[in-house]
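Residue-level structural notes
The lines below spell out each chain.
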Amino acid sequence: MPVNDRVATLFGAMALVAADAMREATERAAGLSDAAPAALACLVPVSAGRSIDELRRVVGLTPSGGVRLVDRLAHAGLAERRPGDDRRTVMVALTPRGRRVAHAVLAARDDALERLLAPLAATDRAALEALTSTILAGNVDERLARRAHGDAPLGGWMCRLCDQARCGRPRGICPAARPSR
């Protein structure tokens, strides 16, 4: 099916507007830039923390970049290192302050996206939900395959700034958690 150049162009512009709005809002809420807001958000659902390696993969960093990110989070009092299951693994968990900031990051993300969606009527929002679910589900298989082969897409996981309670992951309806087959 040929791509309508206008649809692709508008979709690309919308994606950039949404990405910029989320980045600005979450960096402001976190008081840190780059991968820090996404790292905080992905630590929310795991009280025991994540390994530095897992965290750096989520946000799309090199191993040394992951260590520097954890250094920044620890220095800011937002996260702490904990021993892992073996001597080689270091876990990263949110401090109480880090948990509050992480929730502020997710709230800022939600606010930024709600402002973008404000012009849409309820029926338009429902249509957009169906369309974006289809687009996400149609792209998750390729991203998972690339990640499995060590060729992670730039920027890490698709869900790195997701509010997993809202996307439907716990209920099994997250389009990024369900292969498109």
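Residues numbered from 1 in each chain as written. Predicted model: local features only at pLDDT ≥ 70, side-chain atom pairs only at ≥ 80, totals over all residues. Heavy atoms only, no water.

1. Quick look at the overall build of the protein
When helices and strands are counted, the protein shows seven helices and three strands. Written out in order from the N terminus, the α and β elements of the protein read α-α-β-α-α-β-β-α-α-α. Per-residue burial for the protein yields a buried fraction of 34% across its 181 residues. Long-range contacts, defined as pairs at least 24 residues apart, comprise 58% of the intrachain contacts of the protein with a sequence gap of at least 6. (Helix = DSSP H or I, 4+ residues; strand = E, 2+ residues; numbered from the N terminus. Buried < 20%, exposed > 50% of the residue type's maximum accessible area, 1.4 Å probe, protein only. Contact = heavy atoms within 4.5 Å.)

2. Quick look at the pairing of strand S3 (residues 90-94)
Burial within S3 is extensive, with four of its five residues counted as buried. In the sheet, strand S2 (residues 79-83) pairs with S3 via five bridges, with the strands oriented antiparallel. In the sheet register, Glu80 faces S3, and the bridge partner there is Ala93. Adjacent in sequence and paired antiparallel, S2 and S3 are bridged by six residues. (Pairing = 2+ DSSP bridges.)

3. Side note on the environment of Arg97
As for its placement among the helices and strands, Arg97 is situated in helix H5 (residues 96-117). Looking at Arg97, the relative accessible area reads 40%, which means it is partly exposed. The sequence separation of Arg97 and Gly77 amounts to 20 residues, and the corresponding C-alpha distance is 7.0 Å. Filtering out sequence-adjacent residues up to four positions away, Arg97 remains in contact with Ala76, Gly77 and Leu78.

4. Overview of the packing of helix H2 (residues 36-43) against helix H3 (residues 52-59)
The description of two helices packed together rests on the angle between their axes and the distance between the axes. Contact pair H2 / H3: the axes reach a minimum separation of 9 Å and the direction vectors enclose 120°. Taken together, the axis directions place H2 and H3 in an arrangement best described as oblique. H2 and H3 meet at a crossing whose hand is right-handed. The segment H2 lies against H3, with Ala38, Ala39, Cys42 and Leu43 engaging Leu55, Val58 and Val59. Residues belonging to the contact of H2 with H3 are distributed by class as follows: seven nonpolar, no polar and no charged. (Axes fitted to C-alpha atoms, helices over the stretch in contact; angles between N-to-C directions. Parallel < 35°, antiparallel > 145°, perpendicular 65-115°, else oblique. Left-handed = near helix turned anticlockwise from the far one by under 90°. Nonpolar A, V, L, I, M, F, W, Y, C, P; charged D, E, K, R; others polar.)

5. Focus on H2
Burial analysis of H2 places eight of its eight residues in the buried class, which makes it a mostly covered element. Taken residue by residue, H2 has Ala36, Pro37, Ala38, Ala39, Leu40, Ala41, Cys42 and Leu43 as its buried positions. Taken together, the buried residues of H2 touch helix H1 (5-30), strand S1 (50-51), H3, helix H4 (63-75), S3 and H5.

6. Points about the confidence of the model for the protein
Confidence in the prediction of the protein, expressed as mean pLDDT, is 85, and 78% of residues score 70 or more. Least confident of the elements in the protein is helix H7 (residues 164-167), whose mean pLDDT is 68; most confident is H5, at 96. (pLDDT = per-residue confidence, 0-100.)

7. What about the pattern of salt bridges?
Within the structure shown, the criterion is met by eleven salt bridges. We note a salt bridge from Glu24 to Arg23, for which the minimum N-O separation is 3.9 Å. By relative accessible area, Glu24 is classed as partly exposed at 42%. Judged by its relative accessible area of 39%, Arg23 is partly exposed. With a closest N to O distance of 3.7 Å, Arg88 and Asp86 form a salt bridge. A residue is classified by how much of its surface remains accessible, and Arg88, at 75% relative accessible area, is exposed. Judged by relative accessible area, Asp86 falls into the partly exposed class, the value being 33%. If you follow the salt bridges from partner to partner, you end up with Asp20, Arg23, Glu24 and Glu27 in one network. (Salt bridge = Lys/Arg side-chain N within 4 Å of Asp/Glu carboxyl O.)

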